[in-house]
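Here is what each chain is made of, one letter per residue.
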Amino acid sequence: MADPDAPLIEQAILTLVAERGEGKTICPSEAARSLTDEDWQRLMPKVREAAIRLAKDGAIVITRMGKKVDPDNFKGVYRLGVSPQEAGDGEAA
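Everything quoted here is computed from the prediction, not taken from an experiment.

Draft legend 1. Region of interest: the side chain of S29. As for its position among the elements, S29 is in helix α2 (residues 28-35). Note on S29: relative accessible area 8%, which makes it buried. Beyond its immediate stretch of four places on either side in the chain, S29 contacts W40 and M44.

Structure below.
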């Protein structure tokens, strides 16, 4: 089976963080697992790349140990959450 393309991975991330809601995060592996039942680990580099693109666009935030990180400069275990600006988009003006 071919790996999912970048837009599909990005949509999986966006869907999962939206479902989790503001103030909560997902593990990147949740996005990989939502796209394939077998050998999801192989998708982790693509999930990371998609998460970085989404964070740079302001669609999500990447956190490490509960603090927002620079998408261009982070290492180790990380989580993905709703961007504060995205969370406020649904509010009436």
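Once the structure has been displayed, the description carries forward.
Draft legend 2. Representation of the sheet that holds strand β4 (residues 79-82) in the model. A sheet is described by the order of its strands in space; here 4 strands give the open sequence β1-β4-β2-β3, paired in antiparallel fashion. Each edge of the open sheet is held by one strand with a lone partner, namely β1 (25-26) and β3 (67-68). By the bridge criterion, 2 bridges tie strand β2 (residues 60-64) to β3 in an arrangement that is antiparallel. What sits directly across from R64, in β3, is K67. Sitting on the sheet, helix α3 (residues 44-56) touches β2 and β4, and the angle it makes with β2 is about 115°.

Draft legend 3. The environment of D57, seen in detail. Counting through the fold element by element, D57 comes out in the loop between α3 and β2. Put simply, D57 and S83 are 26 residues apart on the chain and 10.0 Å apart in space, counted from C-alpha to C-alpha.

Conventions we followed
- Residues numbered from 1 in each chain as written.
- Predicted model: local features only at pLDDT ≥ 70, side-chain atom pairs only at ≥ 80, totals over all residues.
- Heavy atoms only, no water.
- Helix = DSSP H or I, 4+ residues; strand = E, 2+ residues; numbered from the N terminus.
- Buried < 20%, exposed > 50% of the residue type's maximum accessible area, 1.4 Å probe, protein only.
- Contact = heavy atoms within 4.5 Å.
- Pairing = 2+ DSSP bridges.
- Axes fitted to C-alpha atoms, helices over the stretch in contact; angles between N-to-C directions.

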